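# Remarks on the overall topology
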Amino acid sequence: MSQTSPTVRIDRPGPPEAMHLVDLPVGEPGPGEIRIRHHACGLNFIDVYQRSGVYDLPLPLSLGMEGAGVVEAVGEGVTHLKAGDRAAYASQPPGAYCALRVMPATCVVKLPDAISFETGAAMMLKGLTAQYLLRKTTPPSGLRAGDFVLFHAAAGGVGLIACQWARSLGLRLIGTAGSDAKCALAAEHGAEFTINYRRENFVDRVREITGGRGVKVVYDSVGNDTWQGSLESLEPLGLMASFGASSGKPPPIEVAQLAKNSLFLTRATLFTHIATRESTQAMADDLFQTVLSGAVTIRIDQRYALADVVQAHRDLEARKTTGSSVLVV
Ligand SMILES: NC(=O)c1ccc[n+]([C@@H]2O[C@H](COP(=O)([O-])OP(=O)(O)OC[C@H]3O[C@@H](n4cnc5c(N)ncnc54)[C@H](OP(=O)(O)O)[C@@H]3O)[C@@H](O)[C@H]2O)c1
């Protein structure tokens, strides 16, 4: 019996209003695939880039990279999941804003019973990102308890998870955010120092906080607006970890800019880290254990119905959200 699913699509890139709900047929999973019925899906800033055309993707395009629900059927060769399993994922290709989909099984993992579907949908892409940033995106000299790091947009989805995780690792996280209320939220979740970067010069404040030395790593997902200041906030041999561009692409970099303090630079992306089933599972195990231990709480500050996806994107782009947002199916 063929089924259909309400699915959020764009015919061409554009503003939030470019998204609309269509009913799409959903078939049987092929080799290496599963069919999953979502209970919730996660909203991420990468969805904004995809919707607005920052990335060149085939059209029409179904959106969404994160979800949680129940596996309905598995295709040939899938051994780590079976029909009836609770599951969650951050995964390519886009298409998670829907009730039911067929997708590759590689990045789908079993969701522990103690974690709700909504929390699962809110934590996979953002939590796995915080995991690879703090655990694996470190300077050659390593990152140890007591080290200073600067984390921009600290009250956002990835940000609030990173604040808590950094605290549990003993890192001294300096978090930036766009309002005093957001700064207070980041502090509540483990940022030792906060800077309202719409009001204060964060480079000066970082110098002051670190006694003039600078931080060991800057985790920069803001891009254009913070780029130069981030480079200036690093200590000698520090690491600039660029992982997003919510304010626009950073300017092209002159390699000589790194020479002053022998800086390291990486442009990191989750999809490199979850390229295999083994690496995805290992990272997810670490994330689940960290959440189940209570070291990290997943905050869902915005919930929307699937049909209200346009408003959800408007809020995310207008910097109105904090923590995670989910679309409830
Ligand atoms: N490379 C990867 O592997 C990877 C994976 C996940 C996420 N990311 C990136 O990490 C960042 C955070 O993702 P998220 O989904 O958790 O989003 P989010 O942090 O909840 O939302 C984005 C935040 O960026 C800040 N921002 C600064 N300038 C902005 C501007 N001009 N327009 C809009 N927002 C601006 C805002 O916080 P303030 O108001 O506090 O400034 C806003 O709330 C995004 O850049 C995303 O692309 C990268």
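Everything quoted here is computed from the prediction, not taken from an experiment. (Residues numbered from 1 in each chain as written. Predicted model: local features only at pLDDT ≥ 70, side-chain atom pairs only at ≥ 80, totals over all residues.)

### Section: the overall build of the chain
Looking only at helices and strands, the chain features nine helices and 16 strands. At 20 Å, the chain has a C-alpha radius of gyration in line with the 20 Å of a compact globule built from 329 residues. With the C-alpha coordinates aligned to their principal axes, the bounding extent of the chain is approximately 65 × 40 × 35 Å. Out of the 329 residues in the chain, the part that is buried amounts to 48%. For the chain, contacts bridging at least 24 residues in sequence account for 67% of all contacts bridging at least 6. (Helix = DSSP H or I, 4+ residues; strand = E, 2+ residues; numbered from the N terminus. Rg over C-alpha atoms; globule rule 2.2 N^0.38 Å. Buried ≥ 20, exposed ≤ 12 C-beta atoms within 10 Å, placed from the backbone. Contact = placed C-beta atoms within 7 Å.)

### As for the packing of helix α2 (residues 117-136) against helix α3 (residues 157-168)
Remark: α2 packs on α3, axes separated minimally by 9 Å, with the N-to-C direction vectors making an angle of 45°. The orientation of α2 relative to α3 falls into the category oblique. With respect to the hand of their crossing, α2 and α3 are arranged in right-handed fashion. Mapping the contact onto sequence places Lys126, Gly127, Thr129, Ala130, Leu133 and Leu134 in α2 and Gly157, Val158, Ile161, Ala162, Trp165 and Ala166 in α3. Taken together, the residues that form the contact of α2 with α3 break down as eight nonpolar, three polar and one charged. (Axes fitted to C-alpha atoms, helices over the stretch in contact; angles between N-to-C directions. Parallel < 35°, antiparallel > 145°, perpendicular 65-115°, else oblique. Left-handed = near helix turned anticlockwise from the far one by under 90°. Nonpolar A, V, L, I, M, F, W, Y, C, P; charged D, E, K, R; others polar.)

### A few points about the UniProt feature "domain: Enoyl reductase (ER)" (unreviewed entry) in the chain
UniProt's feature table lists "domain: Enoyl reductase (ER)" (unreviewed entry) at residues 14-327, given in the numbering used throughout. Across residues 14-327, the secondary structure splits into 29% helix and 27% strand, with the terminal C-alpha atoms separated by 20 Å. (UniProt positions renumbered as here; feature names shortened; annotations may be inferred.)

### Some words on the site of the ligand
The environment of the ligand is made up of 29 residues, and the closest members are Gly156, Gly157, Gly178, Ser221 and Gly244. When contributions to the shell around the ligand are tallied by element, the ones reaching two or more residues are α1 (45-52), α2, α3 and α9 (309-317). Taken together, the residues of the shell around the ligand break down into twelve nonpolar, twelve polar and five charged. Residue assignment places the shell around the ligand across two domains, with domain 1 (3-126 + 271-328) and domain 2 (138-267) each supplying three or more. (Near = placed C-beta within 6 Å. Domains from an automatic or database assignment.)

### What to know about the domain arrangement of the chain
Many analyses report the size of an interface as the accessible area lost when the parts associate. Domain parsing of the chain yields domain 1 (3-126 + 271-328) and domain 2 (138-267). Each of domain 1 and domain 2 has a C-alpha centre, and the two are 27 Å apart. If you look at the interface, domain 1 gives 13 residues, while domain 2 gives 14 residues. Looking at the side of domain 1 that touches domain 2, its residues break down into four nonpolar, six polar and three charged.

### Points about the sheet that holds strand β1 (residues 3-10)
Spatially, β2-β1-β4 is the arrangement adopted by the three strands of the open sheet, whose pairing is antiparallel. For this open sheet the edge positions go to β2 (19-26) and β4 (61-62), each flanked by a neighbour on one side alone. (Pairing = 2+ DSSP bridges.)

### Describing the nonpolar core
Core analysis: the biggest nonpolar cluster contains 96 residues, and Leu128, Val149, Ala162 and Leu327 have the highest contact counts within it. Mapped onto the domain boundaries, this core takes at least three residues apiece from domain 1 (3-126 + 271-328) and domain 2 (138-267). Those residues in contact with Ala162 that sit more than four places away from it in its chain are Ala130, Leu133, Leu134, Phe151 and Tyr219. (Core = buried A, V, L, I, M, F, W, Y, C linked by C-beta atoms within 7 Å.)

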